Amino acid sequence: MLHKLSTFAGVSGPVVVIIMDGYGIASNKAGSAIDAATKPTLDRLFAQFPHIRLRAHGTAVGMPSDEDMGNSEVGHNAIGAGQVYSQGAALVANAIADGSIWQGNAWQEIVAGAKAGAHGKPGTLHFIGLFSDGNVHSHIDHLRALVVQAKAEGINTVRIHALLDGRDVPETSALDYIVPFEAFLQALSTDGFDARIASGGGRQTITMDRYDANWPMVARGWRTHVLGEGPQFANATAAVIGLREMHPGTIDQDLPEFVIAEFEENGHGKPIGTIEDGDAVVLFNFRGDRALEITRSFVDDDFSHFDRVRRPDVSYAGMLQYDGDLQLPKRFLVSPPAIKDTSGEWFSKSGLAQFACSETQKFGHVTYFWNGNRSGKFEGETWQEVPSDLVPFEQRPWMKAAEITDAMIAALQSGKYQVLRCNYANGDMVGHTGNFRAATMAIEAVDLALSRLLPAIDAAGGVALITADHGNADEMFELDKKTRQPTQNENGSFKAKTAHTLNPVPLILYDTVSGGKLGLQQTDSAGLSNIAATVANLLGLQKHDKWDDSVLQIK
Ligand code: 3PG
Ligand code: CO
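In this text the structure is predicted, and so the values were computed from the model without any measurement. (Residues numbered from 1 in each chain as written. Chains lettered and ligands numbered in written order. Predicted model: local features only at pLDDT ≥ 70, side-chain atom pairs only at ≥ 80, totals over all residues.)

Undergrad: Help me get a handle on helix α11 (residues 292-299), residues and values and all.
TA: One turn of the α-helix equals 3.6 residues, which is why residues spaced by three or four share an orientation. Counting buried positions along α11 yields 7 of 8 residues, so the element is predominantly enclosed. For α11, the full list of buried residues reads Leu292, Glu293, Ile294, Thr295, Arg296, Ser297 and Phe298. In this structure, the buried residues of α11 make contact with β3 (125-130), α9 (215-225), β9 (280-283) and β10 (315-320). (Buried ≥ 20, exposed ≤ 12 C-beta atoms within 10 Å, placed from the backbone. Helix = DSSP H or I, 4+ residues; strand = E, 2+ residues; numbered from the N terminus. Contact = placed C-beta atoms within 7 Å.)

Undergrad: Help me get a handle on the packing of helix α8 (residues 174-188) against helix α10 (residues 236-246), residues and values and all.
TA: Where α8 contacts α10, the axes come no closer than 9 Å and their chain directions differ by 155°. Between α8 and α10, the angle is such that the two are roughly antiparallel. Note that α8 runs across α10; the crossing there is left-handed. Across the interface between the two elements, Ala174, Leu175, Ile178, Val179 and Glu182 of α8 pack against Ala236, Thr237 and Val240 of α10. Class assignment for the residues of the contact of α8 with α10 results in 6 nonpolar, 1 polar and 1 charged. (Axes fitted to C-alpha atoms, helices over the stretch in contact; angles between N-to-C directions. Parallel < 35°, antiparallel > 145°, perpendicular 65-115°, else oblique. Left-handed = near helix turned anticlockwise from the far one by under 90°. Nonpolar A, V, L, I, M, F, W, Y, C, P; charged D, E, K, R; others polar.)

Undergrad: Report on unusual backbone geometry, specifying residues and quantitative values.
TA: That bond from Leu328 to Pro329 is cis: its omega, -15°, falls within 30 degrees of zero. Relative to the helices and strands, Pro329 resides in the loop between β10 and β11 (332-334). Even without being glycine, Thr207 reaches a positive phi, approximately 70°. Its place among the elements puts Thr207 in the loop between β5 (194-202) and α9. You will see that Asn373, though not glycine, has its phi angle at about 60°, which is positive. Relative to the helices and strands, Asn373 is located in the loop between α13 (360-369) and β13 (381-386).

Everything listed here is a matter of geometry and, on its own, says nothing about what the molecule does.
The structure is reproduced here in structure tokens:
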């Protein structure tokens, strides 16, 4: 149980945490879809209620450096846990730097599995993952280290299945990664070692679905990587150039799949890296949400999400274990952060009923990430998922903001819950499309949702903390690193930015019940991990010892 505060009995109604995903505070209004949006409710909140800025990137959320933008995993972990843990990006980088990754059983079993092979032939070692230095799901430097070590261990053949990013990095940057990497692989391919990119495609087209939103995407990835089905090219550089010519205007994340083949004189192409019995497969993404479905496709005996046609008998490892409760996968190269004593757990132990809601695209963010990457519920928790549309979100920028609001209002009216949380995906999911106009509409949809939700909080006698997990829609154009002005294309248009930002996020205290007794304290280090303790204080409870401090002022 959390102890009672001696100074404040808590608000009489519920405490609601509202995450406006991808809503940062812009450093330059030019290029900010948030500043361009018409948002009377948010304007009123900023004008009339206490608000501060929170750090939501870099070391404040457990990333290796302050050059690293925030993301939903580390952001929701920090908000839910009230603590900052070294996250996957840092843990993997450290395990490579000190060599401990190579000493672990998992890596040794992968090497042994590939060497043993099947039917008297050594196997191939495959690496599948997101091919960029975004450091959200993966980092290409980790892949580079894996390939170098594979050669040192005496593996003969390495094949890479490269998911093109353009979502955590500039939208058409694929060749900036592919060209040098193919050169690196070629230079390393001496003395009987042969390493090449064998297949790939845009990360929003194949393999990296999340939260069971779109299994056909994963099926398409399986056919590409495992079965070697898809448009054929001689190498990955040619594939990206060729696909861009075939699909003008398509940004990297949306490019279709490709397969690398060796061509006979008659033009017939044989894929160079299908996945076969006796091979070993490492998924080099460290983040779990978009890694679970493809992992299941390899490891589940009982599997009905799509027809695998054939399931090769491989040694499989994840870079991390993506779900500790489900033990997915059983073999992993680096241990994930052991996130303990989250707010969900301690509010539950304190007898509070909690309600969590979002649409599919962010559902795991307010449940699984919030609770420290656990897929199970704590006692007294109720979760409600609103199914997301299966469309490019620039076509429906309002997404499910209205339906999430309906669910939240009903939960408030039920009177059953003392702590509620929701995530509006709009600013982030539409921000990732790079479509400025749609992103302004996304923010307007959230503003409209708030205009409905806040009166329901008033009616319940509650308060709200309105915040975000990281920025995105606040920077829809690439800004020059020095001048912070939007950079332009040759034709004078601005360069669209699809990635998250390094900007701080707001924390607004919506309080119409305390009569001005409550405020928020701005400190230099205030960050997302201060929210859990703030919620506890609003409930009249002391924070857990492990949580970072509350920023609530009690006057
Ligand atoms: C994604 O997975 O969509 C992006 O890489 C990161 O976005 P998120 O951290 O907001 O989910
Ligand atoms: Co995002």
